[in-house]
Amino acid sequence: MNERKIVLGITGASGSIMAKRFLETARAEIHLVISSNAGQVIEYETGLKEEDLKKMSTFNYDDRDVAARISSGSFIFDAMVIMPCSMNTLAKVASGISDSLITRAASVALKERRRLIMVPREMPLSRIAIENMLRLTESGAIISPAMPAFYTRPQTVMDMVDFMVGRVMDLCGIDNELVKRWKSEERD
Ligand SMILES: Cc1cc2nc3c(=O)[nH]c(=O)nc-3n(C[C@H](O)[C@H](O)[C@H](O)COP(=O)(O)O)c2cc1C
């Protein structure tokens, strides 16, 4: 399979460990944007600086730079992933607001009918958040919430992270060994 070209947006929701794991393990060309509110969450949750994550990407962009190449429909990519996705970013994209590079690139993904995978993390969910998710789904986005499975009998937090990140990679068409597949020992 050819190397996939992925735009990865990291926003200020909890769960930046998922983005770190994606950057560590995805065999893909990754174009990374970190929202201005995500930095403090990344540092609090992982002890890493934004710069540490940027070094793990292929290319990185400033979220304020709405003129970066990924802001244009002429930039061809296989999928855009927003992980973790805050309710704030979810609401903006659902409303057509594109006042940052992440929200602009997401709006472009929708208008160009490209794959947009959003990984929201919040609980419980307000009616507004649920309606935003419905609106985005109806507009072509894939809502893939940060929800671990338990049938895989996870032993560690990283087992849960790997399951969620692996499923996102599946949606991006990236080969991965992170997901423990249901009945994978059975042969056809
Ligand atoms: C430690 C921490 C954890 C947070 N976790 C969440 C969360 O899980 N989900 C969420 O929607 N917002 C969360 N927030 C709030 C967002 O960071 C905030 O709404 C911010 O404005 C999002 O901006 P962005 O969408 O530009 O990244 C968290 C904030 C902090 C400081």
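Refer to the preceding data block for the structure.
This report concerns the structure included in the present document. (Residues numbered from 1 in each chain as written. Predicted model: local features only at pLDDT ≥ 70, side-chain atom pairs only at ≥ 80, totals over all residues. Heavy atoms only, no water.)

**Notes on the side chain of Thr 103**
Convention followed: Numbering goes from the N terminus for both helices and strands, where a helix is a DSSP run of H or I of at least four residues and a strand is a run of E of at least two. Only protein chains enter the area calculation, which uses a 1.4 Å probe; residues under 20% of their type maximum are buried, those over 50% are exposed, and those in between are partly exposed. Polar contact is the term for a pair of N or O atoms within 3.5 Å; when the atoms are in protein, one must be able to donate a hydrogen and the other to accept it, and sequence-neighboring residues count only if both atoms are side-chain atoms. By definition in these notes, contact holds between two residues if any of their heavy atoms fall within 4.5 Å.
Examined against the element boundaries, Thr 103 turns out to sit in helix 5 (residues 101-111). For Thr 103, a relative accessible area of 1% corresponds to the buried category. At 3.2 Å, the side chain of Thr 103 forms a polar contact with the backbone nitrogen of Asp 99. Once residues within four sequence positions are removed from consideration, Thr 103 is found in contact with Thr 89, Lys 92, Val 93, Ile 97 and Ser 98.

**What about the side chain of Ser 144?**
Relative to the elements of secondary structure, Ser 144 occurs in the loop between strand 6 (142-143) and helix 7 (157-172). Residue classification places Ser 144 among the buried positions, given a relative accessible area of 14%.

**Quick notes on unusual backbone geometry**
That bond from Met 83 to Pro 84 is cis: its omega, -10°, falls within 30 degrees of zero. For the bond from Met 123 to Pro 124, the omega torsion is -10°, close enough to zero to count as cis. Secondary-structure assignment places Pro 124 in the loop between strand 5 (115-120) and helix 6 (127-138). Despite not being glycine, Lys 183 has its phi angle at roughly 55°, a positive value. Mapping Lys 183 onto the fold places it in the segment after helix 7. Judged by relative accessible area, which is 42%, Lys 183 ranks as partly exposed.

**Some details on the sheet that holds strand 2 (residues 28-34)**
What counts is decided by this rule: The pairing criterion is simple: DSSP has to find at least two bridges between the two strands.
Across the sheet, six strands lie side by side as 3-2-1-4-5-6; this open sheet has parallel pairing. The sheet terminates laterally at strand 3 (59-62) and strand 6, the two strands that pair on one side only. Bridge analysis of strand 5 against strand 6 gives two bridges, and the strand direction is parallel. Following the sheet pairing, Met 118 is matched in strand 6 by Ile 143.

**Considerations on the site of the ligand**
Definition in use: The near set for a molecule or strand comprises every residue that places at least one heavy atom within 4 Å of it. Under the convention used here, a 1.4 Å probe and the Shrake-Rupley method define accessible areas, while residue burial counts only the protein chains that appear.
Contacts to the ligand come from 13 residues, most closely from Gly 12, Ser 35, Ser 86, Thr 89 and Arg 121. Residue Gly 12 places a main-chain N or O atom 2.6 Å away from an oxygen atom belonging to the ligand. Residue Ser 14 places a main-chain N or O atom 3.0 Å away from an oxygen atom belonging to the ligand. For the ligand, the protein covers 70% of the area, taking 650 Å² as the surface of the free molecule. At three residues, the largest contribution of residues to the shell around the ligand is made by helix 4 (residues 87-95).

**Points about helix 6**
In plain terms, the rule: Here a helix's expected span is defined as the number of its residues, less one, multiplied by 1.5 Å. Taking the helix axis as origin, the arc is that swept by the directions to the C-beta atoms.
Given a rise of 1.5 Å per residue, 12 residues ought to cover 16 Å, and the 16 Å separating the end C-alpha atoms of helix 6 matches this to within 8%. All buried positions along helix 6 are accounted for by Ala 129, Asn 132, Met 133 and Leu 136. Taken around the axis of helix 6, the buried residues stretch over an arc of 100°, which confines them to a single face. Opposite the packed face of helix 6, turned more than 90 degrees from it, sit the exposed residues Arg 127 and Glu 138. Looking at the buried side of helix 6, the elements it contacts are helix 4, helix 5, strand 5 and strand 6. Downstream of helix 6 by a residue or two, Gly 140 has a phi angle that is positive, lying close to 110°.

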